[in-house]
Amino acid sequence: MNDHDDDLRRLLHDAVDHVTPHEGLTSIRSKTKEKKMSARRPVLFGAGGAAVATAAVIGVIVWSGGLGGGDDKPDSGPASAPTAPSATVDDSTPSEPTTTGSTDAPEPSSTSAAVPVYYIGDTPRGPGLYREFHRNPDGTDPIFAAVDAAIRQQPLDPDYRTVWPEGAEVQEIGVETDRIVIGLTGDLRERPSSISAKDAAMAVQQLVYTAQAAHGQGRVPVQLTLNGSPSDTILGVPTAEPLAAGKLFKTLSLMSITSPAEGATVSGSFTATGVANSFEAWVGYQILKDGQEVATGFGTAEGAMEEKLFPWEVEVDLSGLAPGEYVLRFHTDDPTGGAEGNGPDEDTRTIIVK
Amino acid sequence: MTTHALPLDRASPVTVPPDVWDADAAVGALYAAHWRQLVRLSVLLVRDLGTAEEVVQDAFVAMHGRWHRLRDPDKALAYLRQSVVNRSRSVLRHRGVVNRHLAREAAAPLPTQPGADQAALAAEQRGAVLDALADLPRRQREVLALRYYLDLSEAEIATTLGISKGAVKSHASRGVAALRTRLAPHGSEELR
């Protein structure tokens, strides 16, 4: 810091140091009390030595009660966005991975281990979004890190893609009470002929879903701006107004594997996790070696019949498999056996059995 | 020169360490240590004391609601800062450009007579600085306030604003240059 910095420091201090705020604690107290009275926080913290443990438990109760925001787990928290209103609980922001742990990230001064990032893949209904979790080791703002990854990083799964053109960049993220603003830069107004109209629409939805998931406060509208101001189109997709997340069946893959990650080494039996929306909550898997099925199994998701993705956990049995590289394929149920509709949604991972 | 009061020492009963504060105790302690500074931060951003007080009150209410997840005075303070910046931004957006100018007029110091005394001159200069800040692009204003008023590091500013460190740098340098340009006609010695 040089003299020049000191000048600025003095100038800003001079500008406001004479300001004497009125007493505000009374008003704060009355507002926090109001919240308690309205049973938004049903339990008060315990006292003394028990307080820490109690607080942890209460945290779970409070969050799973759907009070503060749209996340589906207590520790998938928001917080880069203190101002967001209590959004509707919406589990279509799928649950956090159980394997990568520490998604306790978004508290402002803590670091985030993993952020949710959506990529485009193919579904029976055309291009659709799949979710991956990417590391965010340096504690960058989770929304920024996630959106930046969606645009510029290659997906971990080679079956997915991002179609954002070279030079596209996220410049800034703004979180406001009623929207998330994603500031993009680049020559992005028109859709290049190399990108299909469907992929372009998905690319825009990719940012909407990614920002909402990283924000963790439900389906907050997302405003895209281009080079500093709103743009009538981005990649040829109308973006003048804040965007809502696209309808589930038109936008997301109905089967998305959270763990294992692509190329993971596994042995014995292990628990795979993901999200799905499948007939009667049925979740099936196959293990393939050189395209040939060598094992199958199934489990169930936590629900079905609503327009959202439900978490699932399925124990995958590897017994009898020789060490080597396999493809693990999870798929939804197709009650018609392919006679009607588009067939099942699926997601695959390469796994190394040792 | 800034008042980086530690959040702990003042308000809470001495016997209760911060890690077992309940939400009410946390609000009390952080209020005692940071209320004034946070309101001043918001004044730099929104230009209006009444608005700034509301913004910071709401930030404390939000922090109270999240204490079970923060449970740490440093995290809570970081959360408060971020909340104050975000809420100040929302207020500006909703107030709109026209109203902002009106509010600025209303809040401006009384016009001073030529040859007015020292205090009035100082008031005018303060008003000029706030006006100049208000005219800057939002990000530049935020970065300058966090850097030169709160003395935050680049990394802290990046986290608070949800932007990269590189962006903090560029907003800071552009903001400083713009502020200098805007203040030059007011005869501000400091920025020559």
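Numbers given to residues run from 1 along each chain, matching the order in which its sequence is written. Labels follow written order: the first chain is A, the first ligand is 1, and so on. A pLDDT threshold of at least 70 governs which residues receive local features in this predicted model, and a stricter bar of 80 or more applies before side-chain atom pairs are shown or counted, although totals over entire chains, interfaces and linings include all residues.

> Summarise the overall build of chain B; cite the residues concerned and give the values.
Per the convention used, a helix needs a DSSP run of H or I reaching at least four residues, while a strand needs a run of E reaching at least two, with both numbered from the N terminus. A count of helices and strands for chain B gives seven helices and zero strands. Order of helices (α) and strands (β) in chain B, N terminus to C terminus: α-α-α-α-α-α-α. Exposure in this text rests on C-beta crowding, where 20 or more other C-beta atoms within 10 Å of a residue's own make it buried, 12 or fewer make it exposed, and counts in between make it partly exposed. The C-beta atoms are placed from the backbone. Looking at chain B residue by residue over its 192 residues, the buried ones come to 49%. Considering only residue pairs separated by 6 or more positions, chain B has 58% of its internal contacts joining residues 24 or more positions apart. Throughout, a pair of residues is in contact if the C-beta atoms placed from their backbones lie within 7 Å.

> Tell me about the nonpolar core, residues and numbers included.
Put simply, a nonpolar core is a cluster of buried Ala, Val, Leu, Ile, Met, Phe, Trp, Tyr and Cys residues tied together by C-beta atoms within 7 Å. Counting residues in each nonpolar core, the largest one holds 128 residues, and the members touching the most others are A:Val147, A:Ile182, B:Leu44, B:Met63 and B:Leu80. The element contributing the most residues to this core is helix α1 (residues 23–46) of chain B, with 15 residues. Ignoring sequence-local partners within four residues, the contact set of B:Leu80 consists of B:Leu30, B:His34, B:Leu38, B:Ala59, B:Phe60 and B:Met63.

> Any chance you could break down the sheet that holds strand β15 (residues 324–332) of chain A for me, citing the residues and the numbers?
Residue and element names in this part refer to chain A. Here five strands make up an open sheet; going across it, the order is β10-β16-β15-β12-β13 and the pairing mixed. In this open sheet, the two edge strands, each paired with only one partner strand, are β10 (264–266) and β13 (292–300). Strand-to-strand twist of the sheet, defined as the mean angle between neighbouring strand axes without regard to direction, takes the value 35°. By this definition, two strands are paired if DSSP reports at least two bridges between them. Bridge count for strand β12 (residues 282–289) against β15 is six bridges, and the pairing is antiparallel. Residue pairing in the sheet places Ile287 in a bridge with Leu328 of β15. A fitted line through C-alpha atoms serves as each axis, taken over the contacting stretch for helices, and the angle formed by two N-to-C directions is quoted from 0 to 180°.

> Which residues make up the sheet that holds strand β5 (residues 222–226) of chain A, and what are the values?
Residue and element names in this part refer to chain A. Ordered in space as β3-β4-β5-β6, the four strands form an open sheet in which the pairing is mixed. Pairing within the sheet leaves two strands with one partner each, and these edge strands are β3 (169–175) and β6 (229–230). Where β5 lies against β6, two bridges are found, and the strand directions are antiparallel. Paired with Leu226 across the two strands is Ser229, which belongs to β6.

> Please give an account of helix α5 (residues 197–215) of chain A that cites residues and values.
Residues and elements named next belong to chain A. Given a rise of 1.5 Å per residue, 19 residues ought to cover 27 Å, and the 27 Å separating the end C-alpha atoms of α5 matches this to within 8%. Counted residue by residue, α5 has 16 buried out of 19 residues, so it is predominantly covered. With its phi angle positive at about 75°, Gly216 sits one or two positions after the end of α5. A helix is expected to span 1.5 Å multiplied by its residue count minus one.

> Summarise helix α5 (residues 138–149) of chain B; cite the residues concerned and give the values.
Residues and elements named next belong to chain B. If you check α5, its first and last C-alpha atoms are 16 Å apart, about what 12 residues at 1.5 Å a residue would give, namely 16 Å. Judged by how many residues are buried, α5 sits mostly within the fold: 11 of 12 residues are covered. Of the positions making up α5, those classed as buried are Arg139, Gln140, Arg141, Glu142, Val143, Leu144, Ala145, Leu146, Arg147, Tyr148 and Tyr149. In the stretch just after α5, Asp151 is the one whose phi turns positive, near 60°.

> Report on the packing of α1(B) against α5(B), specifying residues and quantitative values.
Residues and elements named next belong to chain B. Two elements in contact, α1 and α5, have axes whose closest approach is 9 Å; the angle formed by their N-to-C orientations is 150°. Classified by the interaxial angle, the pair formed by α1 and α5 is roughly antiparallel. As for the relative orientation of α1 and α5, their crossing is right-handed in sense. Here Leu41, Leu44 and Leu45 of α1 lie close against α5, whose contacting residues are Arg141, Glu142, Ala145 and Tyr149. For the contact of α1 with α5, a count of residues per class yields five nonpolar, no polar and two charged. Angle categories are assigned with fixed cut-offs, so that under 35 degrees is roughly parallel, over 145 is roughly antiparallel, 65 to 115 is roughly perpendicular, and the rest are oblique. Handedness of a helix crossing follows the sense of rotation of the near helix relative to the far helix, less than a right angle counterclockwise being left-handed and clockwise being right-handed. Polar here means any residue outside two lists: the nonpolar Ala, Val, Leu, Ile, Met, Phe, Trp, Tyr, Cys and Pro, and the charged Asp, Glu, Lys and Arg; Gly therefore counts as polar.

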